[in-house]
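# What the coordinates show
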Amino acid sequence: MNLSLMDQFLWVIFPYITLTIFVLGHIYRYNTDQIGWSAKSSEIMEKRLLRWGSPLFHYGIIFAFFGHVAGVLIPKWMYELLMVPDELYHFGAVYIGGLVGVLALVGLVILIIRRMTVSRVRLFTERVDWITIIVLFLVVFQGVYVTVIRNFLVGEFDYRSTIGPWFRSLFTFSPNPELMVTVPLSFQIHVLLAFLLFAMWPFTRLVHLWSLPLEYLKRRYISYRSLNFLRSFKLSKNKQ
Ligand code: HEM
């Protein structure tokens, strides 16, 4: 197939540029800004909306991640080998994938509303945070769109024979851009936005993902200490 320059750029050059920024950006940020390496919790400013939005978004997105492993990373032939019928895969992808996607989207919308309406949280939000939120919202929205709305309106699209092998071909350094040319635009947009997000990742609060992610779901957003605890801690330090 004769590929246009644009197709070469979108499905080979752009992914590699963004993945390189992702890797080098993390190394740079880790070496220059360990103190700022955090989600910069705002729990102290508002708790009610955070208590709903944060778990909905985080649990939704974690399960959506496993959905991506199942649909994009694991090749279709493995399902055939294990004799998993297409209908069963499709059911899981649409209903479970759709549900977790919607949970993540609802959580994200709650968090966005919180950031826009609670003035103390808004003041604490920098320009880079707004840009991150917008791109994150677009990626998640587009994911939910292709999984839920497009599936019911237009019908199923076999991304396990197109997007999946193309994505994996990038990591074996034998890119197969032809596979992406005929993919529906809505899927293409989701994937390109995701790569844009990968390039932004190291320069945003999203780096907190690499710091004990499971602890974040269980523990309080900020660990509070009583004044007495701090006084006794200081006394014991002075004695040493
Ligand atoms: C380049 C990497 C990515 C690829 C190739 C990709 C591909 C896909 C595909 C093919 C679907 C449709 C699944 C279906 O219809 O059953 C989907 C759905 C979805 N994607 Fe992605 N995606 C990527 C990155 C991301 C990222 C970074 C996020 C979020 C931060 C995300 C969030 C979602 C969500 C929420 C859904 C809907 C729920 C689900 O099916 O899991 N995706 N993605």
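Structure shown above.
Reading the values: the criteria
- Residues numbered from 1 in each chain as written.
- Predicted model: local features only at pLDDT ≥ 70, side-chain atom pairs only at ≥ 80, totals over all residues.
- Helix = DSSP H or I, 4+ residues; strand = E, 2+ residues; numbered from the N terminus.
- Buried ≥ 20, exposed ≤ 12 C-beta atoms within 10 Å, placed from the backbone.
- Contact = placed C-beta atoms within 7 Å.
- Axes fitted to C-alpha atoms, helices over the stretch in contact; angles between N-to-C directions.
- Left-handed = near helix turned anticlockwise from the far one by under 90°.
- Nonpolar A, V, L, I, M, F, W, Y, C, P; charged D, E, K, R; others polar.
- Parallel < 35°, antiparallel > 145°, perpendicular 65-115°, else oblique.
- Near = placed C-beta within 6 Å.

This brings us to the overall build of the protein chain. Looking only at helices and strands, the protein chain has eleven helices and zero strands in total. Going residue by residue from the N terminus, the α and β elements of the protein chain occur as α-α-α-α-α-α-α-α-α-α-α. Out of the 240 residues in the protein chain, the part that is buried amounts to 16%. A separation threshold of at least 6 residues defines the contact pool for the protein chain, and within that pool the share at least 24 residues apart is 86%.

Where helix α2 (residues 48-73) meets helix α4 (residues 86-117), the axes come as close as 7 Å, and the angle between the chain directions of the two elements is 145°. In this structure, α2 crosses over α4, and the sense of that crossing is left-handed. Residue classes in the contact of α2 with α4 are distributed as 18 nonpolar, eight polar and one charged.

Right, let's get into the environment of Trp201. Assignment of secondary structure puts Trp201 in the loop between α9 (185-200) and α10 (213-218). A count of 21 C-beta atoms within 10 Å places Trp201 in the buried class. Taking the C-alpha atoms as reference points, Trp201 and Ile21, 180 residues apart in sequence, are found 9.0 Å from one another. Not counting the four nearest positions on each side in its chain, Trp201 is found in contact with Phe22 and Leu206.

For Lys40, which is not glycine, the phi torsion reads 50° and is therefore positive. Position of Lys40 relative to the elements: it lies in the loop between α1 (5-32) and α2. Accessibility expressed as a C-beta count within 10 Å gives 12 for Lys40, which makes it exposed. Its identity as a non-glycine residue notwithstanding, Met83 has a phi of 55°, on the positive side. For Met83, the location among the structural elements is in the loop between α3 (76-81) and α4. Residue class for Met83 comes out exposed when judged on the 7 C-beta atoms lying within 10 Å of it.

It is worth spelling out the packing of α4 against helix α6 (residues 127-153) at this point. It is at 9 Å that the axes of α4 and α6 come closest, and there the two elements cross at 150°. Here α4 is positioned roughly antiparallel relative to α6, judged by the angle of their axes. For the pair α4 and α6, the sense of crossing is left-handed. Contact with α4, carried on its side by Val94, Gly97, Gly98, Gly101, Val102, Ala104, Leu105, Leu108, Ile112 and Arg115, involves Ile133, Leu136, Phe137, Val140, Phe141, Gly143, Val144, Thr147, Val148 and Asn151 of α6 and no other residues of that element.

Around the ligand there are 27 residues in total, and Gly67, Gly97, Gly101, Gly143 and Ala194 lie nearest to it. Among the elements of the structure, α2, α4, α6, α7 (163-171) and α9 are those that each provide at least two residues to the shell around the ligand. Considering each element in turn, the shell around the ligand owes the most residues, seven residues, to α6. In terms of residue class, the shell around the ligand is made up of 19 nonpolar, eight polar and no charged.

Here we take up the environment of Ser4. Mapped onto the secondary structure, Ser4 falls in the segment before α1. Along the chain, Ser4 and Val181 lie 177 residues apart, while their C-alpha atoms are 9.8 Å from each other.

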